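One-letter residues, chain by chain:
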Amino acid sequence: MSIEEDFVFPVYIYDEVLDRIKYFSNNSEKEIFGYLIGNILKWNDKNYIIIEDQLYIENAVHSNRFSTSQIKGKAGEYEKTFKELKRKRKNDNLRIVGWWHSHPDFGCFLSPTDLHTQEYFFPESYQVALVIDPIRDEFKFFTLDKTSEKKYKAVSNAIILSKR
Ligand SMILES: [Zn+2]
C-alpha cells in the first residue's frame, strides 16, 4: 500500500475546544455528547478538518439505551443553536464535522451503538467521532473504515492548536 492510499487525514482541533469538552466530561458521571463544529480543508483532493467549536447537547445521554430516534429529536433543537453560532462567528461555512461523547472509565473505542450513530448521522469521509474518557484522561478520534473488520479506525494524527 502506498503512502497515498494509506493516507489518514489529520484532525486539527483548538485547545480551548478540547478543554471545554474535557470540562463537560469531567463534570458528568453520565455519557454525554455534543457536536464538533468546524471547517473542511483540502489538500490533493483529500479532505481534512479543523475543529473550531463544539455544541454540547444538554440532557442527552449517549449509551446503548439511547436510541437513534432520540438523537433525531435532539437534532431539531440544535439546528437553531447552530445557526446562531454561525452568525456569532460570522462564518457561514461552518459544518458539523463530527460528534464527541464521553466514556467515563471504559476507555476510548466505538461501541456498536456508537458505530451506528457514526454511520447514520456522520457518514462523510471527513466526519469524525471524538471519544473522551475523563477518568483515564484519554481521548481518541475515530473515522469510518469500510475496509476493516471493525468498520472504523483511529485517526493517527490529532493536532492541537493554540490560539495564543
Ligand atoms: Zn460510546
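Before reading on, note that the structure itself is shown above.
A few points on the structure. Keep in mind it's a predicted model, so treat the numbers as computed, not measured.

**Brief notes about the overall build of the chain**
Point 1. Assigned secondary structure in the chain consists of three helices and eight strands.
Point 2. Helices and strands appear in the chain in the N-to-C order β-α-β-β-α-β-α-β-β-β-β.
Point 3. Burial analysis of the chain (164 residues in total) assigns 26% to the buried set.
Point 4. Counted over contacts in the chain with a minimum sequence separation of 6, partners at least 24 positions apart contribute 69%.

**A few points about the environment of Pro104**
Point 1. Here Pro104 lies in the loop between strand S4 (95–102) and helix H3 (112–121).
Point 2. Sequence separation between Pro104 and Asn26 is 78 residues, and the spatial gap between their C-alpha atoms is 8.6 Å.
Point 3. With residues up to four places along the chain from it excluded, the contact list for Pro104 reads Glu29, Glu31, Asp133, Pro134 and Ile135.

**Details of H3**
Think of an α-helix as turning once every 3.6 residues; residues three or four places apart then point the same way.
Point 1. Among the residues of H3, those classed as buried are Asp114, Thr117 and Gln118. In a view along the axis of H3, the buried residues occupy a sector of 100 degrees, so they form one face of it. Of the exposed residues in H3, the ones pointing more than 90 degrees away from its buried face are Pro112 and Tyr120.

**Considering the pairing of strand S6 (residues 138–144)**
Point 1. With five of seven residues buried, S6 lies mostly within the body of the structure.
Point 2. Sheet topology places strand S5 (residues 128–133) next to S6; five bridges connect them, and they run antiparallel. Residue Ile132 lies in a different strand from S6, and its bridge partner there is Phe139.
Point 3. Taken together, S5 and the strand that follows it, S6, pair antiparallel across an intervening segment of four residues, in which Asp137 is found at a positive phi of about 55 degrees.

**Notes on the nonpolar core**
Point 1. Leu36, Ile51, Trp100, Val128, Ala129, Leu130 and Val131 are the most contacted members of the largest nonpolar core, which totals 25 residues.
Point 2. Listed by contribution, the elements that provide at least two residues to this core are strand S1 (11–14), helix H1 (15–26), strand S2 (32–43), strand S3 (46–61), S4, S5 and S6.
Point 3. In contact with Leu36, other than residues within four places in its own chain, are Ile51, Gln54, Val97, Gly98, Trp99, Trp100, Val128 and Leu130.

Quick notes on the rules
Residues numbered from 1 in each chain as written. Predicted model: local features only at pLDDT ≥ 70, side-chain atom pairs only at ≥ 80, totals over all residues. Helix = DSSP H or I, 4+ residues; strand = E, 2+ residues; numbered from the N terminus. Buried ≥ 20, exposed ≤ 12 C-beta atoms within 10 Å, placed from the backbone. Contact = placed C-beta atoms within 7 Å. Arc of directions from axis to C-beta. Pairing = 2+ DSSP bridges. Core = buried A, V, L, I, M, F, W, Y, C linked by C-beta atoms within 7 Å.

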